[in-house]
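Chains, contacts and geometry: an overview
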Amino acid sequence: MKRTMPQWQLVLHHDYCSESASDLSGQGNHGNVYNCRYEMDAEDRFALSFNGRDSRVVVLPSPALDDLSAIRVSVVAKLQNVQRRNNLVEGFLSFAFIIEADASVQAKFYDGTRWDGIWSQPQIVNADNWHRIEFTYDGVDMIMLSMDDHILATRQGR
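Residues numbered from 1 in each chain as written. Predicted model: local features only at pLDDT ≥ 70, side-chain atom pairs only at ≥ 80, totals over all residues. Heavy atoms only, no water.

**Thoughts on the sheet that holds strand S8 (residues 105-110)**
The condition that has to hold: By the convention used here, strands pair only if DSSP detects at least 2 bridges between them. Here a helix means four or more residues in a row that DSSP labels H or I, a strand means two or more in a row labelled E, and each is numbered from the N terminus. Axis geometry follows a simple rule: fit a line to the C-alpha atoms, using only the stretch in contact for helices, then measure angles between N-to-C directions, giving values from 0 to 180 degrees.
Reading across the sheet, the four strands line up as S6-S7-S8-S9 and stay open at both edges, with antiparallel pairing between neighbours. Across the chains shown, the open sheet's two edge strands, defined by having one partner strand only, are strand S6 (86-91) and strand S9 (115-119). Averaged over all pairs of adjacent strands, the angle between their axes in this sheet comes to 15°, without regard to strand direction. The sheet contact formed by S8 and S9 spans five bridges and is antiparallel. Note on S9: the bridge partner recorded for Tyr110 is Trp115.

**A few points about the environment of Arg132**
To be explicit about the condition: In what follows, a contact means two residues having at least one pair of non-hydrogen atoms within 4.5 Å. In protein, a polar contact means a hydrogen-donor-capable atom and an acceptor-capable atom, both N or O and within 3.5 Å, with residues adjacent in sequence counting only if both atoms are side-chain atoms; elsewhere, any N or O pair within 3.5 Å suffices.
Along the chain, the position of Arg132 falls in strand S10 (residues 131-137). Other than its neighbours up to four places away in sequence, Arg132 contacts Ser74, Val75, Val76, Ser146, Met147 and Asp148. A distance of 3.1 Å separates a polar atom in the side chain of Arg132 from a polar atom in the side chain of Ser74.

**Description of the side chain of Asp116**
Take Asp116: it is sitting in strand S9. In this structure the side chain of Asp116 is engaged in a polar contact, spanning 2.7 Å, whose partner is the side chain of Arg155.

**Some points on the nonpolar core**
Where we set the bar: What makes a nonpolar core is a set of buried Ala, Val, Leu, Ile, Met, Phe, Trp, Tyr and Cys residues whose side-chain atoms join them at distances within 4.5 Å. Accessibility here uses a 1.4 Å probe with only protein chains present; expressed as a share of the type maximum, an area under 20% marks a residue as buried, one over 50% as exposed, and anything in between as partly exposed.
In terms of nonpolar packing, the biggest core is built from 22 residues, with Val73, Phe97, Phe135 and Leu145 touching the most fellow members. Taken together, the elements giving at least two residues each to this core come down to strand S5 (71-77), strand S7 (95-99), S8, S10 and strand S11 (142-147). Ranked by the residues each element gives to this core, the list is headed by S5, at four residues. In contact with Phe135, other than residues within four places in its own chain, are Ile71, Arg72, Val73, Phe95, Phe97, Ala107, Lys108, Phe109, Ile143, Met144 and Leu145.

**Here we look at unusual backbone geometry**
Of note in this structure, Gln123 is not a glycine but carries a positive phi near 60°. Within the secondary structure, Gln123 is located in the loop between S9 and S10. What makes Gln123 exposed here is its relative accessible area of 59%. Residues other than glycine seldom take positive phi values, yet Asp149 does so here, at roughly 65°. Considering the arrangement of structural elements, one finds Asp149 in the loop between S11 and strand S12 (150-156).

**A closer look at the sheet that holds S11**
Spatially, the four strands line up as an open sheet ordered S5-S10-S11-S12, and their pairing is antiparallel. Among the strands making up the open sheet, the edge pair consists of S5 and S12. Neighbouring strand axes in the sheet, compared pairwise and without regard to direction, differ in orientation by 10° on average. Taken together, the six bridges between S11 and S12 define a ladder with antiparallel strand orientation. Directly across from Ile143, in S12, lies its bridge partner Arg155.

**Quick look at the side chain of Asn29**
Among the structural elements, Asn29 can be located in the segment before strand S1 (31-34). Owing to a relative accessible area of 2%, Asn29 belongs among the buried residues under this scheme. Separated by 2.6 Å, the side chain of Asn29 and the backbone oxygen of Val11 make a polar contact. In terms of polar contacts, Asn29 uses its side chain to reach the side chain of Ser62, at 2.6 Å. Apart from residues no more than four positions distant in its own chain, Asn29 is found in contact with Val11, Leu12, His14, Asp23, Val59, Leu60, Ser62, Ala64 and Leu65.

Okay, here's the thing in structure tokens:
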């Protein structure tokens, strides 16, 4: 059977540079920001600061987010505390992108019948450093985690 790669389409892009969670993808998936502060990142751009308890950005369901069978998530983040679980991005009953208390990165997805995922070695994420962390699932059988342009973990086949 010939394997086909997904046709990637950008469905949500927030960068917070305008001090809002406006969706730059053109899909209208704007976010509502709750209990976050805007601060400057390593490149002097606005970033959101989350308190780890009740701060979040909520994007309401939309037709553009209905089919997340293949997914690529990219986050630029700096954590002050890596001694507890930190959710980076979560799609309700779809996927979760997490930094665990052991400073490992985890990505999980729900395929309609069960949760599956991949994780890095412990002690990968350094507190107080900016990191670009990415998760890719091709919708078939390839999962990959990377950080700062280095592959942390990959798996093909389920």
